[in-house]
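Secondary and tertiary structure notes
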Amino acid sequence: KDESDSVVNQRDLLDDFIRKTPELSGCEVLEFCDDGRSGTNFDRPAIRQLLEQARRGCIHCIVVKDFSRFGRNYIEVGDYLEQIFPAWGIRFISVNDHFDSNQYFGMTGGIDIAFRNLMHDIYSRDLSEKVRSARIAGAKKGYYQSPYAFYGYVKDKADKHRLLPDKEAARVVRLIFDLAESGASSADIAKRLN
């Protein structure tokens, strides 16, 4: 699978930051990437792997583009930044937020950090609600919204929300309906198709 442009750009930004930061430039870099997954929770394969290695003491510094790349749940992100990572002795750097936990040793990141994390959380919830509303509106208009057409149909190339009969599958679909109409059971139809 090709990576999203977002991941490529984030990697470039972080590689450049690490290269230009003297105390990080010689370190071994491990990358954890959950491309295409929502940051609204910590139930993501790469984040679970990162946290497990951090818990075991294998990671000493975490560098992200911004707080939302780590997570968008403001309570959980705050717990990690203010309690868990300091207890594990892990430095946390958010490049675009100009946050380095070494600058806040023994104290919290302050109201601006909490506010940024809260905004990421609210943005995610708002976006989720907008997507849900758009899906409901599309359904009310009769738009087909699944990414794939079910057997017997193809998606219209001119309008992805419209299904067209699949000419190649139409013969099989007609046979299934004819057999069902004549009283054949589902098992009989399956045997006949096989």
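In what follows, the structure referred to is the one given above.
Okay, so let's go over this structure. All figures in this text were calculated on a predicted structure; none of them were measured in a lab.

Per the counting criterion, the structure on display carries 13 aromatic pairs. With a centroid separation of 5.3 Å and 65° between ring planes, the pair formed by Phe70 and Phe92 is classed as edge-to-face. Remark: Phe92 occurs in strand S2 (residues 91–94) and Phe70 occurs in helix H4 (residues 67–70); sequence separation between them is 22 residues. Across the pair, exposure class does not vary: Phe70 and Phe92 are buried alike. Each member of the aromatic cluster is reached from another via a ring pair, and the members are Phe42, Phe67, Phe70, Tyr80, Phe85, Trp88, Phe92 and Phe99.

Further remarks concern the packing of helix H7 (residues 167–181) against helix H8 (residues 186–193). H8 packs onto H7 with a crossing angle of 145° between their chain directions and a minimal axis gap of 10 Å. For the element pair H7 and H8, the recorded crossing hand is right-handed. Between H7, through Val172, Leu175, Ile176, Leu179 and Ala180, and H8, the contact on the second element is made entirely by Ile189, Arg192 and Leu193. Of the residues in the contact of H7 with H8, the class split is 7 nonpolar, no polar and 1 charged.

Attention shifts here to H7. Between the first and last C-alpha of H7 there are 21 Å, a value that for 15 residues agrees with the 21 Å anticipated at 1.5 Å per step. For H7, the complete set of buried residues consists of Ala169, Ala170, Val172 and Leu179. Buried residues in H7 make contact with H8. Two residues or fewer after H7 comes Gly183, characterised by a positive phi angle close to 100°.

Per the counting criterion, the structure on display carries 12 salt bridges. Between Arg55 and Glu52 there is a salt bridge, and its shortest N-O distance comes to 2.7 Å. Separated by 3 residues within a single helix, Arg55 and Glu52 lie in helix H3 (residues 45–55), roughly one turn from each other. Connected through salt bridges with shared partners, the residues Asp16, Arg19 and Lys20 form a single ionic network.

Thresholds, definitions, all that
- Residues numbered from 1 in each chain as written.
- Predicted model: local features only at pLDDT ≥ 70, side-chain atom pairs only at ≥ 80, totals over all residues.
- Heavy atoms only, no water.
- Phe/Tyr/Trp six-rings, centres within 6.5 Å; stacked < 30°, edge-to-face > 60°.
- Helix = DSSP H or I, 4+ residues; strand = E, 2+ residues; numbered from the N terminus.
- Buried < 20%, exposed > 50% of the residue type's maximum accessible area, 1.4 Å probe, protein only.
- Axes fitted to C-alpha atoms, helices over the stretch in contact; angles between N-to-C directions.
- Left-handed = near helix turned anticlockwise from the far one by under 90°.
- Contact = heavy atoms within 4.5 Å.
- Nonpolar A, V, L, I, M, F, W, Y, C, P; charged D, E, K, R; others polar.
- Expected span 1.5 Å × (residues − 1).
- Salt bridge = Lys/Arg side-chain N within 4 Å of Asp/Glu carboxyl O.

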